[in-house]
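What the coordinates show
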Amino acid sequence: MSEKNPVHGTADEGHEISLPPEVQLLQDVTPPFFPESGSAMIILVEWPPGHPGLPPHRHSGPSFGYVMEGAVRFELEGEPERVVEAGGTFWEPGGDVIHYQDGNALSDAPTKFVVTMVCAPGQPMLTLVDEEELKERARLRAPRPSKG
């Protein structure tokens, strides 16, 4: 195995694991938690041009995404809005954090991304946030980009 692209962690024998040069590490994060008896799912999202994505929501556990084509407008509570282009990754901690945006940032092309989500036991993978809570937590949202 190549010493290029080492993966953090150890194999059963206690040796560092390395990836072959054909395998590229895209994201390496430690989620804040993995709930006991939790489950995981992988979803494929395909938004047509200009699709706004889901309304503000939260996930019961951490989520990890990879943009396959197009560009995703991504915004989490407390972080500025950003665009993640094809080949880019994103993640969110889940729990109480509001996920404001996950729509297609392109008006003339589709966007496709894959998300792996960890779900807390007995909780839904996704819960929409109502307008009252959005108003109560408005101070926690990063400033909006100016139009103009």
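This is a predicted model, so every value here is computed, not measured.

Turning to the overall build of the protein, a few remarks are in order. Scanning the protein from terminus to terminus reveals one helix and eleven strands. When the helices and strands of the protein are read in sequence order from the N terminus, they spell out β-β-β-β-β-β-β-β-β-β-β-α. The 148 residues of the protein split such that 30% are buried. Long-range pairs, those at least 24 residues apart, make up 70% of the contacts in the protein with a sequence separation of at least 6.

A few words now on the packing of aromatic side chains. Following the criterion strictly, the structure yields three aromatic pairs and no others. Aromatic side chains Phe74 and Phe90 sit 4.7 Å apart centroid to centroid with 35 degrees between the ring planes, which places their arrangement in the tilted category. In this pair, Phe74 sits in strand β6 (residues 71–76) while Phe90 sits in strand β8 (residues 89–92), placing the two residues 16 residues apart along the sequence. Look at Phe90 and Phe113: their rings are 5.8 Å apart centre to centre, the planes differ by 75 degrees, and that puts the pair in the edge-to-face class. One end of the pair, Phe90, is in strand β8; the other, Phe113, is in strand β10 (residues 111–119), with 23 residues separating them in the sequence.

On to the sheet that holds strand β3 (residues 39–47), then. Read across the open sheet, the four strands follow the order β3-β10-β5-β8; overall the sheet is antiparallel. Each of the sheet's edge strands pairs with one partner strand only, and the pair in question is β3 and β8. Going from strand to strand, the sheet's axes swing by 20 degrees on average, the running direction of each strand aside. Across four bridges, strand β5 (residues 63–69) lies against β8 in antiparallel orientation. Paired with Gly65 across the two strands is Phe90, which belongs to β8.

Further remarks concern the pattern of salt bridges. One pass over the full model with this rule turns up eight salt bridges. Asp96 is the salt-bridge partner of Arg58, the closest N and O atoms lying 3.6 Å from each other. Of the two residues, Arg58 sits in strand β4 (residues 57–59) while Asp96 sits in the loop between β8 and β9 (99–104), which places them 38 residues apart along the sequence. Judged by its relative accessible area of 14%, Arg58 falls in the buried class.

Moving on, we come to the environment of Ala142. Among the structural elements, Ala142 can be located in the segment after α1 (131–136). Along the primary structure Ala142 and Glu81 are separated by 61 residues, whereas in three dimensions their C-alpha atoms are 7.8 Å apart.

This part covers the side chain of Glu77. Structurally, Glu77 can be placed in the loop between β6 and β7 (82–85). Aside from chain neighbours lying at most four places away, what touches Glu77 is Asp96, Val97, Ile98, Tyr100, Arg137 and Leu140.

If you trace the backbone, Pro145 turns up in the segment after α1. Residues Pro145 and Arg82, 63 residues apart in the sequence, show an inter-C-alpha distance of 9.8 Å.

Here we take up the nonpolar core. It is characteristic of soluble globular proteins that their nonpolar side chains tend to be buried jointly. Listed in full, the eleven residues of the largest apolar core are Val45, Trp47, Val67, Val72, Phe74, Leu76, Val84, Phe90, Phe113, Val115 and Met117. When residues of this core are traced back to their parent elements, those giving at least two are β3, β6 and β10.

Calculation notes
For every chain, the first residue of the written sequence is number 1, and numbering continues from 1 onward in sequence order. Local features in this predicted model are restricted to residues of pLDDT 70 or higher, and side-chain atom pairs are both shown and tallied only at a pLDDT of 80 or more, whereas totals for entire chains, interfaces and linings draw on every residue. Calculated side-chain values reflect all of the structure's heavy atoms, with hydrogen atoms and water omitted. Secondary structure elements are taken from DSSP: a helix is a run of H or I of four residues or more, a strand is a run of E of two residues or more, and numbering for both begins at the N terminus. Accessibility here uses a 1.4 Å probe with only protein chains present; expressed as a share of the type maximum, an area under 20% marks a residue as buried, one over 50% as exposed, and anything in between as partly exposed. The contact criterion used is simple: two residues touch if any of their non-hydrogen atoms lie within 4.5 Å. Any two rings among Phe, Tyr and Trp, with Trp reduced to its six-membered ring, count as a pair given centres within 6.5 Å; such a pair is stacked if its planes are under 30 degrees apart, edge-to-face if over 60, and tilted if neither. Here, strands pair whenever DSSP counts at least two bridges between them. To obtain each axis, a line is fitted to C-alpha atoms, and for helices this fit is confined to the stretch in contact; angles are then taken between N-to-C directions over 0 to 180 degrees. Any carboxyl oxygen of Asp or Glu within 4 Å of a side-chain nitrogen of Lys or Arg constitutes a salt bridge here. Take the buried residues of types Ala, Val, Leu, Ile, Met, Phe, Trp, Tyr and Cys, join any two whose side-chain atoms come within 4.5 Å, and each joined set is a nonpolar core.

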